[in-house]
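Summary of structural features
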Amino acid sequence: MSKLLDDAQVAAYRRDGFVSPMRAVSAGQAGLWQERMARSIADFTARFPEEPGQRQPPARLKPYLLFRWAAEIVRHPAILDAVEDVIGPDILVFHTTLWWKKAGTEGYVPWHQDGTYFGLAPHEHVTAWLALTPSTLESGCVTMLPGSHKQGQLAHTDISDPAIMLSRGQTVKATVDEAAGVPVQLQPGEFSLHDTMVLHASAPNRSAQDRIGLGISYIPARCYHTGPTRLSATLVRGANTHNHFDLEAEPKADMDAAALAAHADSLGRFKKASETIPEMSLVH
Ligand SMILES: O=C(O)CCC(=O)C(=O)O
């Protein structure tokens, strides 16, 4: 029996490679998370200044290891219920990216498949994208290419454009029929799910408000990393039935010593893994 998605939504996910929108929390709760997020990222940056030209500063990667607000979001029952409906009951968080597009900036995300950069098998990873501010056509919401997940893994290449928000400018080589893209517009507190193989992209934020969302990469416990590096992940529901990952600790307080150490350890392993799997990168 499904937990949050109805049969039509599960069918849409299987057919199109994504489903949207679902509501996780009220707009008010999303706003509170967004305020805590902004404060905590400012605190982190004050202690560990961003390096110039860094596309995804470390606090935006796996923030659920550093900050309570993100630890709460990745464990939110509504999101987990929807994820369980598509990948089953034993669920780990493999990765998470804070996608923060400042108002009126040029940052964009080219067409890509998430699975290209994670080195996971089987290809069952699902991303839940939770909006903390409005994600609209004007603010550069994520656009999905329905059915593209059925093509399997496609070749990608690195494009050197500083406006690209992916770490190496990863872009699918094939020409994408952009007219067939479906914009996934979300209000604060709503989320979408997308398959690891669906092609997706997002345009610059032309609105007057920052567009902020959290992309949470969930995997079923049967998924494993194909490289030699043993990676870490967070068990958020069910059991770690296959022991493919070292389990990460939940932060007790924002940026306490244990949280900083867990975060550095996890990102360090991820970086090391990216050196042995050429397609992989620090962020997808
Ligand atoms: O937030 C964006 O614009 C891109 C998100 C994305 O590529 C993802 O969540 O996989």
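Higher on the page you've got the structure.
In this text the structure is predicted, and so the values were computed from the model without any measurement. (Residues numbered from 1 in each chain as written. Predicted model: local features only at pLDDT ≥ 70, side-chain atom pairs only at ≥ 80, totals over all residues. Heavy atoms only, no water.)

**Things to note about the sheet that holds strand β9 (residues 182-184)**
Taking strand neighbours across the sheet as the criterion, the 4 strands line up as β3-β11-β6-β9 in an open arrangement whose pairing is antiparallel. Looking along the sheet, the strands with just one partner apiece sit at the ends: β3 (109-112) and β9. Taken over all neighbouring pairs, the strand axes of this sheet differ in orientation by 25° on average, direction set aside. With 3 bridges joining them, strand β6 (residues 142-144) and β9 adopt antiparallel strand pairing. (Pairing = 2+ DSSP bridges. Helix = DSSP H or I, 4+ residues; strand = E, 2+ residues; numbered from the N terminus. Axes fitted to C-alpha atoms, helices over the stretch in contact; angles between N-to-C directions.)

**A few points about the pattern of salt bridges**
Scanning the model with the defined rule gives 14 salt bridges in all. Residue Glu250 pairs with Arg75 through a salt bridge whose shortest N-O separation is 3.4 Å. One end of the pair, Glu250, is in the loop between β15 (246-247) and α5 (257-276); the other, Arg75, is in the loop between α3 (68-74) and α4 (77-87), and 175 residues separate them in sequence. Assessed through its relative accessible area of 37%, Glu250 is described here as partly exposed. Note that Glu124 is salt-bridged to Arg222, the shortest N-O span being 2.7 Å. (Salt bridge = Lys/Arg side-chain N within 4 Å of Asp/Glu carboxyl O. Buried < 20%, exposed > 50% of the residue type's maximum accessible area, 1.4 Å probe, protein only.)

**Describing the environment of Arg211**
Along the chain, Arg211 turns up in strand β12 (residues 211-220). Expressed as a C-alpha distance, the spacing of Arg211 and Val10, which sit 201 residues apart in the sequence, is 27 Å.

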